[in-house]
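Geometric and topological summary
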Amino acid sequence: MSEISTGSTTEAAESAKKFNIDTVENAAKTPDVELPWAELGLKQNEFDDVVKVLGRRPTGAELAMYSVMWSEHCSYKSSKNHLRQFGSKVTEEMKKDMLVGIGENAGVTNLGDGWAVTFKIESHNSPSFVEPYQGAATGIGGIVRDIISMGARPVAVMDPLRFGAIDHPDTARVMHGAVAGIGGYGNSLGLPNIGGEMVFDAVYQGNPLVNALAVGVMRHEDIRLANASGKGNKVVLFGARTGGDGIGGASVLASESFDDTKPSKRPAVQVGDPFAEKVLIECCLELFKGSLVEGIQDLGAAGISCATSELASNGDGGMQVELTSVLLRDPTLTPGEILMSESQERMMAVVTPENIAAFEAVMEKWAVEYSWLGEVTDTGRLIITWEGEVIVDVDPRTVAHDGPVYDRPYARPQWQDALQADTFTGSVQDGGRPASAEDIKAAVLELIASPNMCSKDWITNQYDRYVGGNTALAFPDDAGVVRVDEETGLGVALATDANGRYTFLDPFHGAQLALAEAYRNVATSGAVPMAVSDCLNFGSPEDPDVMWQLAESIRGLSDACMELGIPVTGGNVSLYNQTGTTPIHPSPVVAVLGKLDDVARRTPSGWKEDGQAIYLLGTTADELDGSEWANLRGHLGGLPPKVVLSAERALGEILINASRDGMVDAAHDLSEGGLAAALVESSLRYNTGARIALDEVAARDGVDAFTLLFSESQARAIVAVPRSEEIRFTDMCTARNFPAARIGVVDAASGSLDLQGQFSVPLDELREAHEATLPKYFG
Amino acid sequence: MTETPLIGEVSSGVASAALSGARIGVVTFPGTLDDRDAARAVRLAGATAVELWHGDNELADVDAVVIPGGFSYGDYLRAGAISRFAPLMSRIVDAANSDAKLPVLGICNGFQILTEAHLLPGSMIKNDHLKFLCRDQVLRVENNTTAWTNAYAAGQEITVPLKNQDGQYIADEKTLDALEAEGRVAFRYVGMNPNGSRRDIAGITNAAGNVVGLMPHPEHAIEVGYGPDHTGTDGLGFFTSVLNTLLGGK
């Protein structure tokens, strides 16, 4: 951006040695100076609001701060009115274990025994399209710093990814860059990558979704909040130096749609240095251990603008900062650029005068650069000076919290009814539905080799899942499980899910289905679901159709959280994911966190003990709309599978009890790809075959073999039960009135998956089909 | 209910309680990642883990040293190239070369540091497929007479995690021939060569057998349920080996 001319030639000459500084005094004297608010992403009404708040025109530096902090990315101005439901639809029971809720860097949940866990999922979509490696890498970096800011040691990451069509030439660019970026950054931090998702769909071609989740653990007494309290306490910036990267990342990149008419936005993407971040993690943990900081905030979107205004407005309300004290990578940066820079690996903290020496000793030990910028005041004003001259004088709340809020118009799209009426069953694409054994076998092989259902080893083998020595389950198991306490075995489980096709067909229920699947995945691992974080990826909120999708999704998700009794503790909204007027499928990615009292009891997704009985829990209807099978046949229409949250809850309780009491040795949830995908995955997990008979359960549910295998009916799972536990297990299901059908046995010697009366496929053949797809496209 | 041991149960290989007095140092550099894992492995083997800081000037009376994996100094310049200049590395090099023959194990980045410090020959370059690779890797123990491998049988196959980007072991032909002739190839990859390493070499030892380096991670295969799927604890033998060595004065 360009700084503002002061108008006076003598003054200009004086400060020409560095910048033309637009001071508050100057701004008051020169009300009519043209300001580049539109280039910075502000709308006319928003600029007018800034002038009204200040009672004068903003200085160049103030304009920079307001423009980034009032951007869609930072202010949630289009979604705020809807997001409130996550805070209002909460019972006292749901609040019981919530130590820190929405609004802080990340929510914190009580795990018991003095332990707490914090987790959050965020988007880094736009930068990852522009520059996949750095975009994805800094996505990890940013979410990890959010976790550190809470006082926690980060212990794992996950990455839900959605890219364009697998055979589109640009998909390889994004795939290679994003996966290498996630690996390159995450692996260097020593954080195991324990799961995620990989979906290919042409709707994400120009708007890939790169979401990142991090989870951290801490003792209760270590919880830190982002606030600057205590007059006279010092404000310090530490970590990497501030450079020219990522300027306007939040306002320009993340808050607009891409189109071909604008210049390249590469300079708005940040560049990451994982080594600096790893050192920063250890350094912060040492600060926490010594209780050396009063408040702490990471620098992410909107950089110093965000950190100073949020720290000040969450604390006693005042802060004075000298901007020339910021250590720079590029000495030519203007004050506005310094305020907006999104350079990575930086933190801001508030330190009491007594702790200054101890703080500096920790910095010296880890060779981390730091500079003291100023101090906390009780004036209620955020004052930023440049060589002593005041360039920012604002009420920090007006920057951080009092941004514009829009009630965007929304309406059910005109095409929604026709879309929902176009069901798969009976459609042209449903012609020749597989019925013979031979055709069903071919369909199973086609399904498990398809882009969305194939093995994701090509991706996950580039991530370190072992580091830390606490990973008890990781991809491809249903949930990632990490031990928290080595003495007791206390641990957490995490899963993320979304289905853009379901949500496109029905945003309200689609969002609920995402929650239901993540909940089911966590319960499948044996963990008790406790909390939710969501990353709401949508198109432009200025399109009433998209706004309706967003509003319906939030309403559906918040209702379902209430019904399942697990609160949303944080998350992120990513809007403007569209190319021209074509938005992505609405993609609310839902992460559920669960707790295991003893990680030793966790349930893996594959069977390995010969002779164990395999049960199918739940019932199957003809629900192929939006399914992977319909997708493979090029059909998208109708209504997604029915959501029955009471059934999800009942199934979850069965899976959790079975795990705790040793009644199951394997469990796998049924979701995309239905029973067919689940049977194959559970067999391949430990390379152990099974004999399956489907006739009885097909007759019970009134469906044919193909429908039983490919329908995506919800609230279902398969489990492997030791013979000695069968009676206890079936009694439990009966007592809870939950359908459980014995569909087969584990057959270790066979080396094949035998669907009796249908076909038998050697595991080697299944594995080859399952694992060949990603290497074929990506090398 | 099942014959598979529960996660977290250590089924074998724990040395006698008398050895808990053995002090094994674990070095932390800026960017080290697996230091806590290595310390856990030392504890589970029955010894006392001692934290060592790269900037320290003395070895704190440790009986052996583990240089763990990670990305010390971000692998900038070249993996291990900066870390070798740490003050503590000079003490480690001196102690390893002294008559006392301090046992030193370098894992992954630790192996890279040992080659940079010239305690072991050769070097590691980027994997031949140019990607980071994390997998459960089968290794054959080629030399079971070193300070870190004597708990294994000669030719025993073990499964431990492998995870690196720069894991391709290289050396000139003369060095490789000498390593083979002197029995200094400690481990070889079995089944597949995951990174293009010369002669499938996964780890080597110095002539005296007190310094061993390898790319795979034995410290991630010490507890049932937290390591490779089927075996799980094959890596514990490294840590019981060094206790045998200390006990027997080998």
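What counts, and at which threshold
Residues numbered from 1 in each chain as written. Chains lettered and ligands numbered in written order. Predicted model: local features only at pLDDT ≥ 70, side-chain atom pairs only at ≥ 80, totals over all residues. Helix = DSSP H or I, 4+ residues; strand = E, 2+ residues; numbered from the N terminus. Rg over C-alpha atoms; globule rule 2.2 N^0.38 Å. Buried ≥ 20, exposed ≤ 12 C-beta atoms within 10 Å, placed from the backbone. Contact = placed C-beta atoms within 7 Å. Expected span 1.5 Å × (residues − 1). Domains from an automatic or database assignment. Nonpolar A, V, L, I, M, F, W, Y, C, P; charged D, E, K, R; others polar. Pairing = 2+ DSSP bridges. Axes fitted to C-alpha atoms, helices over the stretch in contact; angles between N-to-C directions. Core = buried A, V, L, I, M, F, W, Y, C linked by C-beta atoms within 7 Å. Parallel < 35°, antiparallel > 145°, perpendicular 65-115°, else oblique. Left-handed = near helix turned anticlockwise from the far one by under 90°.

Across its full length, chain A holds 30 helices and 28 strands. A globule of 779 residues ought to have a C-alpha radius of gyration of about 28 Å, and chain A, at 27 Å, matches this closely. Across the 779 residues that make up chain A, the buried fraction comes to 62%. When contacts within chain A are restricted to residue pairs at least 6 apart in sequence, those whose partners lie at least 24 apart make up 84%.

Take the overall build of chain B next. Assigned secondary structure in chain B consists of five helices and eleven strands. In terms of overall dimensions, chain B is globule-like: its C-alpha atoms have a radius of gyration of 17 Å, near the 18 Å expected for 250 residues. Burial statistics for chain B: of 250 residues in total, 58% are counted as buried. Partitioning the intrachain contacts of chain B with sequence separation of at least 6 by distance along the chain shows that 76% fall at a separation of at least 24.

For the rest of this paragraph, the subject is helix 25 (residues 674-685) of chain A. Residues and elements named next belong to chain A. Helix length check: helix 25 (twelve residues) gives 17 Å between terminal C-alpha atoms against 16 Å at 1.5 Å per residue, within 8%. The buried fraction of helix 25 is high, at eleven of twelve residues. Along helix 25, the positions that sit buried rather than exposed are G674, L675, A676, A677, A678, L679, V680, E681, S682, S683 and L684. Taken from the residues just after helix 25, N687 is the one with a positive phi, measuring 55 degrees.

Residues and elements named next belong to chain A. The assigned domain composition of chain A is domain 1 (1-70 + 225-403), domain 2 (94-223 + 466-602) and domain 3 (410-454 + 604-779). Between the C-alpha centres of domain 1 and domain 2 the distance comes to 28 Å. If you list the elements that add at least two residues to the side of domain 1 that touches domain 2, you get helix 11 (249-253), helix 12 (274-289) and strand 8 (295-298). When grouped by side-chain class, the residues that make up the side of domain 1 that touches domain 2 number 15 nonpolar, eight polar and eight charged.

Within a sheet, adjacent strands bond to each other through the backbone by hydrogen bonds, running parallel or antiparallel. All names here are of chain B. Strand order in this open sheet of nine strands is 2-1-3-4-11-10-9-6-7, and the pairing throughout is mixed. What marks the edges here is a single partner per strand, and that holds for strand 2 (48-53) and strand 7 (157-164). Each neighbouring strand pair of the sheet contributes to a mean axis angle of 25 degrees, computed without reference to strand direction. As judged from the four bridges shared by strand 4 (residues 104-107) and strand 11 (residues 211-214), these two strands associate in the parallel manner.

What follows concerns the nonpolar core. Residues L494, L515 and V719 of chain A together with V42 of chain B are the most contacted members of the largest nonpolar core, which totals 319 residues. If we skip the residues at most four places from it in the chain, L515 of chain A touches V532, L557, A560, C561 and V590 of chain A.

What follows concerns the sheet that holds strand 14 (residues 471-473) of chain A. Residue and element names in this part refer to chain A. If you walk across this open sheet you meet the six strands as 14-15-16-21-17-18, and the pairing is mixed. Each edge of the open sheet carries a strand with a single partner, namely strand 14 and strand 18 (568-574). Adjacent strand axes in the sheet meet at a mean angle of 20 degrees, parallel and antiparallel pairs treated alike. Where strand 14 meets strand 15 (residues 480-483), two bridges bridge the pair, whose relative direction is antiparallel. From the neighbouring strand, T471 faces strand 15, where its bridge partner is V482. Lying on the sheet, helix 21 (residues 507-524) is in contact with strand 16 (491-497), strand 17 (528-537) and strand 21 (587-596); it crosses strand 21 at an angle near 25 degrees.

So, on to the packing of helix 21 of chain A against helix 24 (residues 645-660) of chain A. Residues and elements named next belong to chain A. Closest axis-to-axis distance for the helix 21/helix 24 pair is 8 Å, and the angle between their directions is 15 degrees. On the basis of their axis angle, the class for helix 21 and helix 24 is roughly parallel. In this structure, helix 21 crosses over helix 24, and the sense of that crossing is left-handed. Where helix 21 abuts helix 24, its residues A516, Y519, R520, A523 and T524 lie against L645, E648, L651, G652, L655 and I656. Of the residues that constitute the contact of helix 21 with helix 24, the class distribution is seven nonpolar, two polar and two charged.

A few words now on unusual backbone geometry. Residues and elements named next belong to chain A. Look at the link from F475 to P476: it is a cis peptide, with omega at 10 degrees. Its place among the elements puts P476 in the loop between strand 14 and strand 15. In this model, S291 sits at a positive phi of 50 degrees, which is unusual for a non-glycine residue. Considering the arrangement of structural elements, one finds S291 in the loop between helix 12 and strand 8.

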